[in-house]
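So you can see what is in the structure, the chains are spelled out below.
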Amino acid sequence: MTVGDAPPLFCARQLRIAFAGASGPVEAVSGVSLEVRSGEVLGLVGESGSGKSLTCRSTIRLLPHRARLTADDLSFEGRDLLALSDRELRDHRARNVGMVFQDPFSCLDPTMRVGEQIAETLRVNAGMDKSAARQRALEMMELVDIGQPDRRYLAYPHELSGGMRQRVAIAIAVSCRPKLLVADEPTTALDVTTQAQILALLQRLRQETGMALLLVSHDFGVIAQMCDRVAVMYGGYVVESGPVTSVYRAPLHPYTRALLSAIPAIESAGKRVRRTGIPGQPPGIGEILTGCPFVPRCTLAQTACTTIDMKLQEVSPGHANACPVTTEAANASPVTAGDNGARSVPPAGLPGVNAAMDVHHAVPSADGAEHLMQP
Amino acid sequence: MLNYFARRAGIAVVQLLGLALVAFALIHLVPGNPVRTMLGARATPEQVAAATRRLGLDRPLVDQFGSFVWGLLSGNPGQSITFAQPIASLISERILPSFLLICYGLVVAIVVGTPLAVFSAVRPGGAFDHGTRLFTTVAFAMPTFWLGLVLALLFGLKLHWLPVAGYTSGFVGAIRSLTLPGVVLGLSLLVIVVRTLRTSMRKVLTAEFVEAERARGFSTFRIVTRHVMRSAVMPTITVLAVNVGFLIGGTVVLEQVFQIPGVGSLLFLAVEHRDYPVVETIAVMAGAVVVVLSLLADLAQALMDPRVRLGARTV
Amino acid sequence: MAPADGAALAPRVRGTRRFRIRRPQVVIGEAIVFVIVLAAFLAPVIAPYPPNTVNVADALAPPSTAHLMGTDYVGRDVFSRVLYGAREDIVVVVLITYIGLTIGVLVGTVAGYFGGWFDAIVGRIADTAIAFPFIVLVLAIIAVVGPGIEGIAIGIIAVGWALYARLARSEMLSLKEESFMLATKALGYTHRRAILRHALPNLIRTCLVYSTVDVVVNLLVLAGLSYLGVGQQQPGADLGSIIASGQPYILTAWWISTMPGLVLVLFGIGVSLIGEGFTESELTVSTL
Ligand SMILES: Nc1ncnc2c1ncn2[C@@H]1O[C@H](COP(=O)(O)OP(=O)(O)OP(=O)(O)O)[C@@H](O)[C@H]1O
Ligand code: SF4
Ligand SMILES: [Mg+2]
């Protein structure tokens, strides 16, 4: 990755997160290197269990009790997060980094009115008094398109629909004007129409405030639509990262290629689509100890793959790949890098991908974004 | 919501009737002639006949039950045989020390138990958690009467800090005479407070919203006091209300150990003298306290929980 | 088909044999209970003196090698009396607890299995029994049958069954939804077979775990009432009555009341520790 002009907002180098297992520590994240620059949208894709959530949570060091985190560098605006005291860490949370969780119901206190939950965040982090916090909470509710904020302020979480709850969660996350918003699968628990609205809201907030966004999704379509850059995770590693366009047009890592071919080709809204799927199972946590974690499912796997050092190598500006086999092939014949070898590599003209690419920088409207969603 | 209230209250009414029926049945289960048993072998047949008439034991059973229930409801459950006094005045003379003792025990259990539960819930499996477990287990296995005896020996007879027996009215007197039994009572209840509060706190603490609140920069102190306790306290109160029976039982024993003139020691006297009307009345009263308190706890829980209050749950 | 089906249908494992997580506190609890029970049952062999033999010359002797726990106000050996007393208490408590458990589990299981009016009636009776403060009901029963172990036993069983009936009933209700219980219907088993062979083995464990708490509670009630003079009558030895007999001498001969109390506390702690282990290894199993 090129070193940008400004220092990155969030930077992780060789981030490792391990859990105590029955026979010694088990690594769930095994050396992730990642950076989010000021104002950019970074997407994080990968299969379930690949460590996306843990990576996200490391931005505010919010990890399960038993997790052990180590890193060569874990910093926010150059400040070492590992050196923060409890107090400083609490100040860092919400003020610098806001977080939106997957399930908008379980992330709100069921016994407290939603407006008060927004206000409480403001009182804790922005030191507002009761009435100022209330006023600001109402504004925030308006900002995230919650109609009738006066009435909704007094609602309990269970009285709101999933989409409304997620708006509340977003209002909480952005209430203290963080420089980075982390959204960990913010739409997975919602229905299709609401998903599009929430994504449009995130996009709008990002443009209005200029904050950076780290967006996790299973869905490459969403990533393509929302993000500037993307990092693909597999088995606790970032296996490929780069500008969304170049990762899309010329995916290098066999896992990325398989992933892209697994996303449904969207012909038109409403039609049934077929997923190719990636044969085989993702590695169980702690199963593979050396080399590339994709070996059991990779069609290009060689014996050497079990001993390689998982390191991202830049192939083209900003586009890095952790698979030496495909990197070598790409360097040898850059033109054909896109359709080299892997089974069912998406052809450059994949309709879904192109549709996604075309709307990349447009603000998605509710109906416009709808057909990008997975069924 | 109203539906739930009505159903829950209906259950309580059936329970109360059941209590009255059981207490009423007891006197009729006494082998032989209950009046003779009550009055003792020296009573003349005339005395027995008179007492039988006065107690209404010669009337049909349904009549008897009817007037028994009516007596309880109207606050005039009849006359004590041993004390030759209305039962109502006997009980009202002695209710205050018992009530204060129960409150004392509750306060001790809550004041000691809450921090123990909170700190062990925040660090489960830690040294504090284990220590608390051990301490409450020991406190639970400790017979109240024996612990009372040992404490009385230590603080009363050896250190002369507190009275070993008896009850003095007035604020200071009551506090001094109820401290030893109150502490013992509280310790016996401690395990219930700590276990239920710890369990319900664990449940809430592992909920995702707690994680989300950490992400909002809230301190553990704020999360525990403002959010977790809100959800965790109600189940504990319910469990406590249900266990008031346990407290009442403890009071009966401790009043006897510390010779406190309360309802518990009255029950004891009545049992010794086979004063069945008094035994019946106290038994129903004690049961009614438990029934009513658990009813109130359930209703309060329903009222406190917004999901129930707003009719989201139809019970 | 008889032996095979039970094994195939009912997942009897639920921690009974598969997981034996030996935690130190369980081992300690078992050791305490084992030693006390063994000593109590060997009372006739171990006890250095007959429990009720009076020896006034030796009255109120402090603990010594001759009298491990000293002697009481009429010179009876406290250690011997404690051994016999513990034996009596343990036998009574175990009997009444498990009689209550047996009645309650059977009634509750049947009520949960069939539902309907039987369930409703059992439920109301159980509610009523539980609503009485335990000791108050026991005292009321003693008022009827007179002081002694019988009254206590009747009272404890009268309440105890209801707790197990509730527990067994609610377990039964959730078991009823499980596939192996549904299968017993499909396979046309008799109700008796479905309940006894398939449901009981699965729900009994919860009840047994709960009974460890119950044993302690019952022991405390028994000892407490004996201490208060409505339980075991003199000269019979029982831990509660020994403690009561020593109370007047508490300043001069502390050992009479303290020693039996310690045995009581130790036994209670032992049983509780065993119960703790149960629930903890169950927790471990369920989170694995
Ligand atoms: N508290 C925990 N204890 C033990 N292991 C854990 C814990 N939390 C996560 N893990 C492990 O870490 C791995 C990565 O988890 P993570 O939640 O980051 O995955 P993810 O990529 O977000 O998956 P998903 O798409 O399902 O959300 C998982 O395989 C899981 O086994
Ligand atoms: S390193 Fe080998 S196994 Fe891993 S992705 Fe590349 S080719 Fe496949
Ligand atoms: Mg996740």
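Residues take numbers from 1 onward in each chain, read along the sequence in its written order. Think of it this way: whatever chain is written first is A, whatever ligand is written first is 1, and the rest follow in order. Residues qualify for local features only when their pLDDT is at least 70, as the model is predicted, and side-chain atom pairs are given and counted only at 80 or more; totals for whole chains, interfaces and linings, by contrast, use all residues. Side-chain measures here rest on the full set of heavy atoms in the structure, leaving out hydrogens and waters.

## With respect to the overall build of chain C
The test is simple: Note on conventions: DSSP H or I runs of at least 4 residues are helices, E runs of at least 2 residues are strands, and numbering of each starts at the N terminus. Partly exposed describes any residue whose relative accessible area lies between the buried limit of under 20% and the exposed limit of over 50%, with all areas from a 1.4 Å probe on protein chains only and scaled to the type maximum. Any two residues having at least one pair of non-hydrogen atoms within 4.5 Å are treated as being in contact. Accessible areas in this description were obtained via Shrake-Rupley with a 1.4 Å probe; residue shielding takes into account the shown protein chains only.
The helix and strand tally for chain C stands at eleven helices and zero strands. When the helices and strands of chain C are read in sequence order from the N terminus, they spell out α-α-α-α-α-α-α-α-α-α-α. Within the span of chain C, comprising 288 residues, buried residues form 55% of the whole. Sequence-distant contacts in chain C: of pairs separated by 6 or more residues, those separated by 24 or more amount to 72%. Carbon together with sulfur atoms contributes 70% to the accessible area of chain C, which is approximately 12,300 Å² in total.

## Re the interface of chain A and chain B
What counts here: Put simply, buried area is the surface a 1.4 Å probe can reach on two separate parts but cannot reach once they are joined, added for both. Every case where a carboxyl oxygen of Asp or Glu lies within 4 Å of a side-chain nitrogen of Lys or Arg is listed as a salt bridge. Polar contact is defined as a pair of N or O atoms within 3.5 Å, subject to the rule that within protein one atom must be able to donate a hydrogen and the other to accept it, and that residues adjacent in sequence are counted only when both atoms are side-chain atoms.
Taken residue by residue, the interface counts 27 residues in chain A and 23 residues in chain B. Both faces considered, chain A and chain B share a buried interface measuring about 2,300 Å² in area, 55% of it formed by carbon and sulfur atoms. On the chain A side of the contact with chain B, T111, E120 and H158 of chain A bury the most area, a combined 22% of that side's loss. Linking chain A with chain B are two salt bridges. Across the pair E120 of chain A and R222 of chain B runs a salt bridge, and its minimum N-O distance is 2.5 Å. Counting every contact that joins chain A to chain B gives ten residue pairs in polar contact (both at pLDDT 80 or more). Looking at the side of chain A that touches chain B, the elements with two or more residues in it are α2 (86-95), β7 (97-100) and α3 (114-126) of chain A. Broken down by element, the side of chain A that touches chain B gets its largest block of residues, five residues, from α3 of chain A.

## So, the pattern of salt bridges
Taken as a whole, this structure holds 21 salt bridges over all chains when the rule is applied. The partner of E27 of chain A in a salt bridge is R16 of chain A, with the nearest N and O atoms 3.2 Å apart. Pair noted here: E27 of chain A is in strand β2 (residues 24-36) and R16 of chain A is in strand β1 (residues 10-21), with a separation of eleven residues, a long-range link. You can call R16 of chain A partly exposed: its relative accessible area is 31%. A salt bridge links D127 of chain C to R166 of chain C, with the nearest nitrogen and oxygen atoms 2.6 Å apart. On the criterion of sequence distance, the pair formed by D127 of chain C in helix α5 (residues 116-131) and R166 of chain C in helix α7 (residues 149-176) is long-range, its members being 39 residues apart. We classify D127 of chain C as buried; its relative accessible area is 10%. Assessed through its relative accessible area of 41%, R166 of chain C is described here as partly exposed. Each member of the salt-bridge network shares a partner with another, and the members are D145, R167, R204 and E208 of chain A.

## Here's the deal with the environment of P181 of chain B
Residues and elements named next belong to chain B. Along the polypeptide, P181 turns up in helix α8 (residues 171-205). Looking at P181, the relative accessible area reads 0%, which means it is buried. Sequence separation between P181 and L149 is 32 residues; the distance between their C-alpha atoms is 9.7 Å.

## A word on the site of ligand 1
All names here are of chain A. Test applied: Working definition: residue near molecule or strand if any one of its non-hydrogen atoms lies within 4 Å of it. Residues were grouped as follows: Ala, Val, Leu, Ile, Met, Phe, Trp, Tyr, Cys and Pro as nonpolar; Asp, Glu, Lys and Arg as charged; and all remaining residues, including Gly, as polar.
The full set close to ligand 1 counts 15 residues, and S48, G49, K52, S53 and L54 are the nearest of them. A distance of 3.2 Å separates an oxygen atom of ligand 1 from a polar atom in the backbone of S50. The contact in question runs from an oxygen atom of ligand 1 to an N or O atom on the side chain of S53, over 2.6 Å. Across the complex, the protein chains shield 70% of the 630 Å² of accessible surface that ligand 1 would expose by itself. The biggest single contributor to the shell around ligand 1 is helix α1 (residues 52-57), with three residues. Looking at the shell around ligand 1 residue by residue, the class counts come to five nonpolar, six polar and four charged.

## Examining unusual backbone geometry
Residues other than glycine seldom take positive phi values, yet Q14 of chain A does so here, at roughly 50 degrees. Note that Q14 of chain A resides in strand β1. Backbone geometry at Q259 of chain B places phi at a positive 45 degrees, although glycine is not the residue there. Following the sequence through the fold, Q259 of chain B ends up in the loop between α11 (244-257) and α12 (263-272).

## Looking at the site of ligand 2
Taken together, 13 residues lie near ligand 2, and H253, C292, C298, C305 and C323 of chain A sit nearest. Tallied by class, the residues present in the shell around ligand 2 amount to twelve nonpolar, one polar and no charged.

## What about the interface of chain C and chain B?
With 42 residues of chain C at the contact, the number on the chain B side is 44 residues. Surface buried jointly by chain C and chain B totals about 3,800 Å² across both partners, of which 81% is contributed by carbon and sulfur atoms. The tally of links between chain C and chain B comes to zero salt bridges. Elements represented by at least two residues in the side of chain C that touches chain B include exactly α5, α6 (134-145), α9 (191-227), α10 (239-246) and α11 (255-287) of chain C. Considering each element in turn, the side of chain C that touches chain B owes the most residues, eleven residues, to α11 of chain C. Partitioning the side of chain C that touches chain B into residue classes produces 28 nonpolar, ten polar and four charged.

## A word on the sheet that holds strand β9 (residues 212-216) of chain A
Residue and element names in this part refer to chain A. Operational definition: Here the rule is simple: two strands pair whenever DSSP picks up at least two bridges between them. Axis geometry follows a simple rule: fit a line to the C-alpha atoms, using only the stretch in contact for helices, then measure angles between N-to-C directions, giving values from 0 to 180 degrees.
The sheet built from eight strands is open, its strands ordered β7-β8-β9-β3-β10-β11-β13-β12 with mixed pairing. This sheet does not close on itself; its edge strands, each paired only once, are β7 and β12 (313-316). With direction set aside, neighbouring strand axes in the sheet form an average angle of 20 degrees. Judged from the six bridges that link them, strand β10 (residues 229-234) and strand β11 (residues 237-243) form a sheet pairing that is antiparallel. Within the sheet, the bridge partner assigned to V232 lies in β11 and is E240. In this fold helix α6 (residues 162-174) packs onto β7 and β8 (180-184), with an angle of close to 170 degrees to the strand it touches most, β7. The sheet strands contacting helix α11 (residues 324-332) are β12 and β13 (319-321), and the helix crosses β12 at an angle near 30 degrees.

## As for empty space enclosed by the protein
Here is the rule we go by: With a 1 Å grid spanning the protein atoms alone, the term cavity applies to any set of points in which a 1.4 Å probe fits but cannot get out, the term pocket to an open set with protein on both sides within 12 Å along at least five of seven lines, and the term lining residue to any residue with an atom within 4 Å of a point. Grid points are joined across faces, edges and corners, and a volume is the space filled by probe spheres set on the points.
Counted by the stated rule, this structure contains eight cavities of 30 Å³ or more. Estimated volume of the second largest cavity: approximately 100 Å³. Together, 13 residues line the second largest cavity, and M99, A169 and I172 of chain A together with A212 and R216 of chain B are the ones closest to its centre. Listed by contribution, the elements that provide at least two residues to the lining of the second largest cavity are β7 and α6 of chain A together with α9 (208-215) of chain B. Among the elements that line the lining of the second largest cavity, the one with the most residues is α6 of chain A, at three residues. Residue composition of the lining of the second largest cavity, grouped by class: ten nonpolar, two polar and one charged.

## Overview of the state of the cysteines
Residues and elements named next belong to chain A. Our working definition: Here, a disulfide means two cysteine sulfur atoms that sit within 2.5 Å of each other.
Applying the stated criterion across every chain yields a total of zero disulfides over all chains. For C227, which is in no disulfide, the shortest distance to another cysteine sulfur is to C56 and amounts to 11 Å. Residue C227 is classed as buried on the basis of its relative accessible area, which comes to 0%.

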